[in-house]
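# Secondary and tertiary structure notes
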Amino acid sequence: HIVASEVTYAYREGVPVLHGIDLDLAIGERLAIVGPSGAGKSTFGRMLAGVHPPTGGAVSVGGVRLIDLPLADLRGHVALVTQEHHVFVGTLADNLRLAKASADDAEISDALGAVDALGWARALPQGLETEVGSGGHELTPAQAQQVALARLVLLDPHTLVLDEATSLIDPRQARDLEASLAGVLEGRTVVAIAHRLYTAHDADRVAVIDAGRISEIGPHHDLVARGGEYAKLWHSWQSE
Ligand code: ATP
């Protein structure tokens, strides 16, 4: 159960970009965060995932502040997913064991299977033992993203923060990845930072972050009916 209370953040002292955000995530809920560019969505996402400690306030899981958890424990609770894809030098199996050093080949295969990557992984010259990363067999961006998702399956956090901000992937590949991603999201609490609005419509709740504050929060239909900031964003996005 993740709770943010009065979270503030300043990249530079005296220049806060988040101004006291409260958020109580229901276990298993899908929350979409939307808002204008530069409003603080990605920054707040990093706070929720414990990537940066807040400048003020706290994010806690089960009443324990994220910043008080050892990194290995933290990543078993909440992880940040971006569309940056890092493949490290080593074998494909090594790339997955970064998430869980004790994982055996069967677990690694299962994790790849969960993200629809087992077919191509098995077809590599040496299968799981193929050297990848710089100087090794080159994975496509979509394969690299699947490797990142398979790492998440091994980490098995109950909460995921998805930041679409850094989408470098070809939209056609992104569509192929949606099924892989859906498999990883199943049964977890998900905070999706929606730089594009389609994610918001299907979420349980939508939070609008505007100038470092949550200005509106509620189900999509309620916010559209309210005719406020979200309704404006939604209508302008639909007419694009
Ligand atoms: P977008 O939708 O454009 O990605 P966002 O809502 O995710 O925007 P953030 O990226 O969280 O917004 O940025 C919030 C504010 O913090 C902006 O004013 C931005 O310029 C500033 N900011 C973001 N990252 C840094 C950084 N690393 N150093 C200094 N300022 C930063």
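Preceding this paragraph is the structure being described.
First, a word on scope: everything that follows refers to the structure included in this document. Sequence order as written defines the numbering, with residues in each chain counted from 1. Owing to the predicted nature of the model, reporting of local features is limited to residues with pLDDT of at least 70; listing and counting of side-chain atom pairs is limited to 80 or more, with chain, interface and lining totals taken over all residues. Excluding hydrogens and water, the side-chain figures rest on all heavy atoms present in the structure.

## Let's talk about the layout of surface pockets
As defined here, a cavity is a set of points on a 1 Å grid over the protein atoms alone where a 1.4 Å probe fits but cannot get out. A pocket is an open set with protein on both sides within 12 Å along at least five of seven lines, and residues line them when an atom is within 4 Å of a point. Grid points are joined across faces, edges and corners, and a volume is the space filled by probe spheres set on the points. In this structure, the second largest pocket occupies an estimated 530 Å³ of space. Lining of the second largest pocket is provided by 18 residues; of these, Leu80, His86, Ala148, Arg151 and Leu152 occupy positions nearest its centre. In DSSP terms, a helix is any run of H or I states spanning at least four residues, a strand is any run of E spanning at least two, and both are numbered starting from the N terminus. Residue assignment for the lining of the second largest pocket shows that the elements contributing at least two residues are strand 6 (78-82) and helix 6 (141-155). By residue number, the principal contributor to the lining of the second largest pocket is helix 6, which donates 6 residues. Throughout, the ten residues Ala, Val, Leu, Ile, Met, Phe, Trp, Tyr, Cys and Pro are labelled nonpolar, Asp, Glu, Lys and Arg are labelled charged, and all others, Gly among them, are labelled polar. Its residues placed into classes, the lining of the second largest pocket shows 11 nonpolar, 3 polar and 4 charged.

## Description of the side chain of Glu29
As for its placement among the helices and strands, Glu29 is situated in the loop between strand 2 (15-24) and strand 3 (30-34). Look at Glu29 and you get buried, because its relative accessible area is 7%. Within 3.5 Å is the distance limit for a polar contact, defined as a pair of N or O atoms, with the added protein rule that one can donate a hydrogen and the other accept it, and that residues adjacent in sequence qualify only through two side-chain atoms. In this structure the side chain of Glu29 is engaged in a polar contact, spanning 2.6 Å, whose partner is the side chain of Arg205. Ignoring any residue separated from it by four or fewer positions in sequence, one finds Glu29 in contact with Asp24, Arg188, Thr189, Val190, Asp204 and Arg205. Note on classification: 1.4 Å probe, protein chains only; a residue is buried when its accessible area is under 20% of the maximum for its type, exposed when over 50%, partly exposed between these limits. Here, residues are in contact when the closest pair of their heavy atoms is within 4.5 Å.

## Observations regarding the sheet that holds strand 3
Strand pairing is assigned whenever DSSP identifies at least 2 bridges connecting the two strands. Spatial ordering of the open sheet is given by 6-9-10-3-11-12, a layout of 6 strands whose pairing is mixed. Among the strands making up the open sheet, the edge pair consists of strand 6 and strand 12 (213-218). Averaged over all pairs of adjacent strands, the angle between strand axes in this sheet comes to 20°, irrespective of strand direction. Only the stretch in contact is used when a helix axis is fitted, and all axes are lines through C-alpha atoms; the angle between N-to-C directions ranges over 0 to 180 degrees. Relative to the sheet, helix 1 (residues 41-48) contacts strand 3, strand 6, strand 9 (159-163), strand 10 (189-193) and strand 11 (205-210), its axis offset from that of strand 10 by approximately 155°.

## Observations regarding the pattern of salt bridges
The working definition used for a salt bridge is a side-chain nitrogen of Lys or Arg within 4 Å of a carboxyl oxygen of Asp or Glu. Evaluated as defined, the whole model comprises 6 salt bridges. Across the salt bridge formed by Asp105 and Arg97, the nearest N and O atoms sit 2.9 Å from each other. The class for Asp105 is partly exposed, based on a relative accessible area of 40%. Classification of Arg97 by relative accessible area gives partly exposed; the value is 24%. Between Asp156 and Arg188 there is a salt bridge, and its shortest N-O distance comes to 2.8 Å. A residue pair is termed long-range when its members are at least 10 positions apart, and Asp156 in the loop between helix 6 and strand 9 and Arg188 in the loop between helix 7 (171-185) and strand 10 qualify at 32 residues. Residue Asp156 is classed as partly exposed on the basis of its relative accessible area, which comes to 48%.

## Comments concerning the site of the ligand
It suffices for a single heavy atom of a residue to lie within 4 Å of a molecule or strand for the residue to be listed as near it. What surrounds the ligand is the set Tyr11, Val17, Pro36, Ser37, Gly38, Ala39, Gly40, Lys41, Ser42, Thr43 and His195. At 3.1 Å from an oxygen atom of the ligand is found a main-chain nitrogen or oxygen belonging to Ala39. Bound to the protein, the ligand loses 57% of the 630 Å² it would expose on its own. A total of 3 residues in the shell around the ligand trace back to one element, the largest contributor, which is helix 1. Using a 1.4 Å probe, accessible areas were evaluated by the Shrake-Rupley method; residue-level cover was limited to the displayed protein chains.

## Some remarks on the pairing of strand 9
With respect to burial, strand 9 is a largely interior element, 5 of its 5 residues being buried. Neither face of strand 9 is left uncovered, since the one carrying Thr159, Val161 and Asp163 and the one carrying Leu160 and Leu162 both have all their residues buried. Examined bridge by bridge, strand 9 and strand 10 share 5 bridges and lie parallel to one another. The residue bridging Thr159 from the neighbouring strand is Thr189, located in strand 10.

## Comments concerning the pairing of strand 3
With respect to burial, strand 3 is a largely interior element, 4 of its 5 residues being buried. Across 4 bridges, strand 3 lies against strand 10 in parallel orientation. The residue of strand 10 that forms the bridge with Ala32 is Ala192. Note that strand 3 and strand 11 share 4 bridges and pair parallel. Across the sheet, residue Ala32 finds its bridge partner in strand 11, namely Val206.

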